[in-house]
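One-letter residues, chain by chain:
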Amino acid sequence: MKSTPFKLNRKFFLILAGVLLIAAALFVYLFVQPGKEKTPPPPNEYSISSLTVAALPSEAGVSVSEEEDMEDSGEVIYQYTGFTSAGDTVADYTQVLTKEYGFTIVDDAYYEMDPPDFTSEEGLVTLAKPDISEGNLLAVQLSWFGEDCTVILSNPEGTIQEPEGMTLLETLDYFRALSPATLGLSGTSMKEYQIYALDGTVLVDRRPCLQINVYTNTNQEGTNEIQGMYLMTSDGQHLYRLDKAARTVTPLRH
């Protein structure tokens, strides 16, 4: 029996060439596209001078880019996008930096301040702590808008400052403006009470505090029906309720 040679017709070659062309194009698209850089994954850590801290926590779908500051200030900037709620993420991260790494929330002049409203659509918070190099700070600034967040790491000169205190009259006016509920009292206004400040200061958590006693407005002459004793720093940032009988203080604002 004679064997019949296998013949490759033109149609076969055309199909094979087409398949190879498609495979080559797919390879180029996936791996060799000129000018298209692969997006790096979000970092796990930040390095600020002598300190390494955990980075802003990421989530599925978040992308990040890193850039050096062009003004030679030493700043490193991370641009994040794709958060479900950037404000919530910044709030959680602020807790990590303050509780685990000892950072303090500060303003632009590095005075201590209260946290911002993280539920706002847009906002900014700056945190800092002393560097091992005297006169320098480790600073993290976080700004957010919607699903985007910018992180700026820097090592500026400066020191963290305590907020400027108020005068005695300003302190009492500030105290009177608090709501009774904040102090654990009944009523709708502190105008329903009499407020007196004692001479001297009391140290609480190494902070000098003014003692303020609160009485009802319905005292009979010669009597004092005290409703509460409080200790407050002159900047109003730290407020405690004092129980002299139990020799304890309870933080109301700390």
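Up top is the structure these notes are about.
If you're wondering where the values come from, they're calculated on a predicted model, not measured in any experiment.

1. Structural notes on the overall build of the chain
Logical step 1: For the chain, the helix and strand inventory stands at three helices and 14 strands.
Logical step 2: Of all 254 residues assigned to the chain, the portion counted as buried reaches 31%.
Logical step 3: Partitioning the contacts of the chain with sequence separation of at least 6, the portion at a separation of at least 24 is 45%.
Logical step 4: For the chain, the computed accessible surface area is about 16700 Å², with 53% contributed by carbon and sulfur atoms.

2. Let's talk about the environment of Ile-195
Logical step 1: Counting through the fold element by element, Ile-195 comes out in strand S9 (residues 193-197).
Logical step 2: When the C-alpha atoms of Ile-195 and Gly-228 are compared, they prove to be 9.9 Å apart, with 33 residues separating the residues in sequence.
Logical step 3: If sequence neighbours within four positions are ignored, Ile-195 has contacts with Leu-172, Phe-175, Arg-176, Met-190, Ile-212, Asn-213 and Val-214.

3. Here we look at unusual backbone geometry
Logical step 1: Even without a glycine there, the phi angle at Tyr-110 is positive, about 70 degrees.
Logical step 2: Position of Tyr-110 relative to the elements: it lies in the loop between strand S5 (104-106) and strand S6 (122-130).
Logical step 3: The phi angle at Arg-247 is positive, at roughly 55 degrees, despite the residue not being glycine.
Logical step 4: Among the secondary structure elements, Arg-247 is positioned in the loop between strand S13 (239-243) and strand S14 (248-253).
Logical step 5: Judged by its relative accessible area of 76%, Arg-247 falls in the exposed class.

4. As for the pairing of strand S12 (residues 226-233)
Logical step 1: Among the eight residues of S12, six are classified as buried, and the element is accordingly described as predominantly covered.
Logical step 2: In this sheet, S12 lies alongside strand S11 (residues 207-216) in antiparallel orientation, the contact comprising seven bridges. Residue Leu-210 lies in a different strand from S12, and its bridge partner there is Met-232.
Logical step 3: Note that S12 and S13 share four bridges and pair antiparallel. Of the residues in S13, the one forming a bridge with Met-232 is Leu-239.
Logical step 4: Connecting the antiparallel pair S12 and S13 is a turn made up of five residues, with Gly-236 showing a positive phi of about 80 degrees.

5. A look at helix H2 (residues 86-100)
Logical step 1: Over its 15 residues, H2 extends 21 Å from the first C-alpha to the last, a length consistent with the 21 Å expected when each residue adds 1.5 Å.
Logical step 2: Residues of H2 that are buried include every one of Ala-86, Gly-87, Thr-89, Val-90, Ala-91, Tyr-93, Thr-94 and Leu-97, and no others.

6. Details of the packing of aromatic side chains
Logical step 1: Scanning the model with the defined rule gives six aromatic pairs in all.
Logical step 2: Ring geometry for Tyr-46 against Tyr-78: centres 4.9 Å apart, planes inclined by 35 degrees, an arrangement best described as tilted. Placement of the pair is Tyr-46 in strand S1 (residues 45-48) and Tyr-78 in strand S4 (residues 76-81), with a sequence separation of 32 residues.
Logical step 3: When the ring of Phe-175 is compared with that of Tyr-230, the centres are 5.6 Å apart and the planes differ by 55 degrees; the resulting orientation is tilted. Taken together, the residues Phe-175 in helix H3 (residues 168-176) and Tyr-230 in strand S12 connect sequence positions 55 residues apart. Like Phe-175, the residue Tyr-230 is buried in the burial classification.
Logical step 4: Taken together, the ring pairs connect Tyr-46, Tyr-78 and Tyr-93 into an aromatic cluster.

7. Some points on the side chain of Asp-235
Logical step 1: Mapping Asp-235 onto the fold places it in the loop between S12 and S13.
Logical step 2: Within the buried core, Asp-235 has no salt-bridge partner, and the shortest N-O distance to an opposite charge, that of Arg-207, equals 6.9 Å.
Logical step 3: Here the side chain of Asp-235 touches Gln-237 through a polar contact of 2.8 Å, landing on its backbone nitrogen.

Parameters at a glance
Residues numbered from 1 in each chain as written. Predicted model: local features only at pLDDT ≥ 70, side-chain atom pairs only at ≥ 80, totals over all residues. Heavy atoms only, no water. Helix = DSSP H or I, 4+ residues; strand = E, 2+ residues; numbered from the N terminus. Buried < 20%, exposed > 50% of the residue type's maximum accessible area, 1.4 Å probe, protein only. Contact = heavy atoms within 4.5 Å. Areas by Shrake-Rupley, 256 points an atom, 1.4 Å probe, with all protein chains shown as cover. Pairing = 2+ DSSP bridges. Expected span 1.5 Å × (residues − 1). Phe/Tyr/Trp six-rings, centres within 6.5 Å; stacked < 30°, edge-to-face > 60°. Lys, Arg positive; Asp, Glu negative; His and termini not counted. Salt bridge = Lys/Arg side-chain N within 4 Å of Asp/Glu carboxyl O. Polar contact = N/O pair within 3.5 Å; in protein donor to acceptor, adjacent residues only side chain to side chain.

No statement about biological role is implied by the geometric values presented.
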